[in-house]
Amino acid sequence: MTHLPTTIQESLQRGWKELDVIFVTGDAYIDHPAFGTALLARLLESEGLRVGIIAQPDWKNKDAFKVLGRPRLFFAVTAGAMDSMVAHYTPSRKIRRDDAYTPGNSHGARPNRATIVYTSGCKAAYRDVPVVIGGIEASLRRFAQYDFWEDKVRRSLIFDSKADLLVFGMGERPLLELVRRLQSGESFQGITDLKGAAVVARAADLSGSIELPSFEAVSSDKKLYAEAFRLASLEQNPYAGKALMQPHGDRFLLCNPPALPLPEAEMDQIYALPFTRLPHPSYKEPIPAWEQIKTSITTHRGCAGGCAFCAITSHQGKFIQSRSEKSVLAEIERVAGERWAHGSISDIGGPTANMFGVSCKAPDQGHSCRRESCLYPAICRNLDLADAKSAGLLRKARSVKGVKHTAVSSGVRFDLLLRQKGYFDELASHQVGGLLKVAPEHLVDSVTRVMRKPGGRAFAEFLEMFRQKSREAGKRQAVVPYLISGHPGCTLSDMVDLALKLKELGLKVEQVQDFTPTPGTLSTCIYYTGLDPFSGETVYVPRGEKEKKLQKSLLLAHLPENRKSVMEALRLCGREREAGRLLAVYSGAVTSRSRN
Ligand code: SF4
């Protein structure tokens, strides 16, 4: 097995004088199925296409986009695994110094707004070669969207980048259909009806589509922005969603419905492709993202949760697409046998580990269902949470040949665990490795309602059961609670309540995630408009840097350097009398951690 070519020499070694598709990506090239570029490139290769990869090109040099020559069909451009602005800036808009997707963890290997810059580089190199954009940046910016870094609404990325086609969601189906239609002689410009893709359309192509308020309207009227968000959300079911149209000036964005989910057999085929699982050999320095995922196994994709701040449901969809047990176990055996794996499997999971095998047991209803989440406001009675398959998979994984150790390090939904006893037992007894990551995000119900997360009661119940199961298994284990400060709907007083609840639960937080309004999420819509787009109700939004800092400091009240901020926060919400309780919080309490 070798990597796909990144130079003409590597291309010629394969006997390829010309490439059909060239991927351009903002991440280093790691030939591992956890990376979208590698996965899609291997898929097209398996279809008989000649595929090359330009990773992290020097975008100031237009020859950087010519290193593999002119592609016969198209360039496929992505900013990488993260939106380039999220990758570059902290929640307080300060430049990050690191980049986990770059050799040596160094910053600066990709530009801001990488999709726009790379598309322009491809067009400057070969003006008449079509450019397809995709990945999380394109997906979540497919409609006119609020941009936190410029504090304004930007046009759909297809207009700003001048790309020819925008693929959203998971790219397998749209890309395969695109190449098959191009190979059969259709013109690129004539392909406007691809599911999972958006185009700049002529008026004649718009019939049957639902019109969203225009870019100009949503830029100047927040109520119309919220309405556009609501209308678009209702059409995200891949089986029943309708095409959406959004005027931009005198032109039109046409966004087709999402691509259909992949069935198990196709998921298995994709993960059986001949990945080397390694960074390209030209890299000299370690790449943190690879170190983190090199021995992890993806069991499924999609998330039924629909948390307001998270891009996964919008990008991967709410329908869970699982692999077969046989396919997962075969991959575990392959990885465990690698010299660099040392028999250790660091993660058996997905966006939410315990959603492996979860499905809608009423497909007729599911296929016409307009709920954005199967879990909110309550777990849908049609959601099949049977856990025999997922618990069995974890159990069998432990006895695969060559495996010395397995773990689940993806996040889990604790409210589902309460209904998945077999999985919960296996997890607590064998798969935690000391620390279990869970994401309550908050524990005050008025805030978790805005976030679309389960409330504090379910978390307390989960914690008690986890501790009991750990005791029964004779293990010293703790949870790592992920928490967010500064989220829409959260006041200073809510943060005081959260800090006190954590104390009651015996949890100490070391790091807190400050809310970032990332493109295209429900939370970002609420942040920008101050409205819940579904109920029309006004929502409180903490905006100023000062309040955000105070909110964060309340969760880190045990740190001496936060004492002043904590006192100020308590004074501002009239709760100075609780200072003693709050500041005496954590002596002797169980220590837990959270992300930064
Ligand atoms: S019917 Fe229920 S389980 Fe099925 S897709 Fe809709 S919300 Fe999800």
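Here the structure is shown first, and the text comes after it.
These figures come from a predicted structure and were not determined experimentally.

K.L.:
Please set out the overall build of the chain residue by residue, giving values where relevant.
P.N.:
Across its full length, the chain carries 24 helices and 24 strands. In terms of overall dimensions, the chain is globule-like: its C-alpha atoms have a radius of gyration of 24 Å, near the 25 Å expected for 596 residues. Counting only C-alpha atoms and orienting by the principal axes, one finds that the chain spans roughly 70 × 60 × 50 Å. The burial tally for the chain puts 59% of its 596 residues in the buried class. A sequence separation of at least 24 residues applies to 76% of the contacts in the chain between residues at least 6 apart.

K.L.:
Describe the site of the ligand, listing the residues and the values that go with them.
P.N.:
Around the ligand, a shell composed of K318, F319, C360, G366, C369, R371, C374, C380, N382 and L383 is seen. Looking at side-chain class alone, the shell around the ligand contains six nonpolar, two polar and two charged residues.

K.L.:
Break down the packing of aromatic side chains for me, citing the residues and quoting the values.
P.N.:
Per the stated rule, a full pass over the model turns up 17 aromatic pairs. For the pair F459 and F462, a centre-to-centre distance of 5.9 Å together with 45° between the ring planes defines the contact as tilted. Linking F459 with F462, this pair stays in helix α19 (residues 456-472), spanning three residues, or about one helical turn. The two residues F459 and F462 agree in class, both being buried. Here the aromatic rings of F462 and F466 are separated by 6.0 Å at their centres, their planes lie at 25°, and the arrangement is stacked. Placement of both F462 and F466 in helix α19 is noted, with a separation of four residues, approximately one turn of the helix. Note on F462: relative accessible area 0%, which makes it buried. Members of the aromatic cluster, each reached through a chain of ring pairs, are Y146, F148, W149, Y225, F515, Y527 and Y528. The positively charged end of R142 is found above the aromatic ring belonging to F168, 4.1 Å away from the centroid.

K.L.:
Run through the nonpolar core, naming residues and quoting values.
P.N.:
Residues F23, F74, L178, I332 and F462 are the most contacted members of the largest nonpolar core, which totals 171 residues. The leading source of residues in this core is helix α20 (residues 492-504), at seven residues. Once residues within four sequence positions are removed from consideration, F74 is found in contact with D20, V21, I22, V129, P130, V132, L175, L178, V179, L182 and F188. By size, the runner-up hydrophobic cluster in this structure holds eleven residues, among which are C303, M355, C374 and L375.

K.L.:
Please set out helix α4 (residues 114-125) residue by residue, giving values where relevant.
P.N.:
Here α4 spans 16 Å end to end across twelve residues, near enough to the 16 Å set by a 1.5 Å rise per residue. Within α4, nine of the twelve residues are buried, leaving the element largely enclosed by the surrounding structure. Every buried residue belonging to α4 is among A114, T115, I116, Y118, T119, G121, C122, K123 and A125, and all of these are buried.

Quick notes on the rules
Per chain, residue numbering runs from 1 following the sequence as it is written. Only residues with pLDDT of at least 70 are given local features in this predicted model, and only at 80 or more are side-chain atom pairs given and counted; all residues enter the totals for whole chains, interfaces and linings. In computing side-chain properties, one takes all heavy atoms of the structure into account and sets aside hydrogens as well as water. By the criteria applied, helices consist of DSSP H or I runs no shorter than four residues and strands consist of E runs no shorter than two, each listed in order from the N terminus. Just to be clear, the radius of gyration here is over C-alpha atoms, and the globule rule we use is 2.2 Å times residues to the power 0.38. Categorising residues by exposure relies on relative accessible area from a 1.4 Å probe, with only protein chains included: less than 20% of the type maximum marks a residue as buried, more than 50% marks it as exposed, and the intermediate range marks it as partly exposed. Contacts are assigned to residue pairs that have any heavy atoms within 4.5 Å of one another. In these notes, residues near a molecule or strand are those with any non-hydrogen atom within 4 Å of it. Note on residue classes: Ala, Val, Leu, Ile, Met, Phe, Trp, Tyr, Cys and Pro are nonpolar, Asp, Glu, Lys and Arg are charged, and everything else, Gly too, is polar. A pair of aromatic rings is counted whenever rings of Phe, Tyr or Trp (Trp by its six-membered ring) have centres within 6.5 Å, and the orientation is called stacked for planes under 30 degrees apart, edge-to-face for over 60 and tilted otherwise. Here, over-ring charges are defined by two tests on the NZ atom of lysine or the CZ atom of arginine: distance to the ring centre within 6 Å, and angle to the ring normal within 35 degrees. Residues enter a nonpolar core if they are buried and are Ala, Val, Leu, Ile, Met, Phe, Trp, Tyr or Cys, with the set joined through side-chain atoms within 4.5 Å. The span one expects for a helix is its residue count, reduced by one, times 1.5 Å.

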